[in-house]
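# Structure at a glance
Here is what each chain is made of, one letter per residue.
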Amino acid sequence: QVQLVESGGGLVQAGGSLRLACAASGSIFSFVAMGWYRQAPGKQRELVASITRGGSTNYADSVKGRFVISRDTAKNTVYLQMNSLKPEDTAVYYCAATEVTLQQAWGQGTQVTVSS
């Protein structure tokens with residue numbers, strides 16, 4: 001079972017930036033896709049951004065133009081660069097890896113808090 005460890009969360013003022021990192025215990029090429037999800041209090045978990053094995057990316061409409069997902073295959077790490085942060089971006093952010101069986105492995109989550 002792959003282990004995913006997120007880092008980089010914290011408290012930032014509106015308009016600021018953060019970069020999240022998700023380090024996988026194995027090769028990220030073993031997954032068909034990796035993604036970042038978030039869950040705000042009282043809300044359902046939602047997909048924020050994803051990147052496929054082939055490098056295609058996908059973003060939620062709410063973060064397009066502000067967030068960028070990328071990867072470093074040598075470090076088996078996926079990043080989420082978050083710019084122009086808004087208070088509504090406040091949530092616990094989770095990294096997920098989708099296997100060929102379509103099962104997903106999840107990290108423990110990292111808190112992002114954006115103050116107004």
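Residues numbered from 1 in each chain as written. Predicted model: local features only at pLDDT ≥ 70, side-chain atom pairs only at ≥ 80, totals over all residues. Heavy atoms only, no water.

### Points about the environment of Thr77
As a reminder of what qualifies: Secondary structure elements follow DSSP: runs of H or I no shorter than four residues count as helices, runs of E no shorter than two count as strands, and numbering proceeds from the N terminus. Relative accessibility under 20% of the residue-type maximum defines a buried residue, over 50% an exposed one, and the middle range a partly exposed one, all with a 1.4 Å probe and only protein chains included. Contact between two residues is taken to exist if any of their heavy atoms lie within 4.5 Å; hydrogens are not considered. Distance and chemistry together define a polar contact, namely a pair of N or O atoms within 3.5 Å, with one atom able to donate a hydrogen and the other to accept it when in protein, and with adjacent residues in sequence counting only for side-chain atoms on both sides.
Summarising the element assignment, Thr77 is placed in strand S8 (residues 77-82). Under the relative-accessibility criterion, Thr77 is labelled buried at 8%. Separated by 49 residues in the primary sequence, Thr77 and Ile28 have C-alpha atoms spaced 7.4 Å apart. Filtering out sequence-adjacent residues up to four positions away, Thr77 remains in contact with Ala21, Cys22, Ala23, Ile28, Ser70, Arg71 and Asp72. Polar contacts involving the side chain of Thr77 include one to the main-chain carbonyl oxygen of Lys75, which spans 2.8 Å.

### Considering the pairing of strand S5 (residues 46-52)
Selection rule: Note: two strands are recorded as paired if DSSP finds a minimum of 2 bridges between them.
Bridge count for strand S4 (residues 33-39) against S5 is six bridges, and the pairing is antiparallel. Residue pairing across strands places Ala33 opposite Thr52, the latter belonging to S5. What sits between S4 and S5 in their antiparallel hairpin is a turn of six residues, with Gly42 showing a positive phi close to 75°. Of the strand pairs in this sheet, S5 and strand S6 (residues 57-59) are connected by three bridges, and their pairing is antiparallel.

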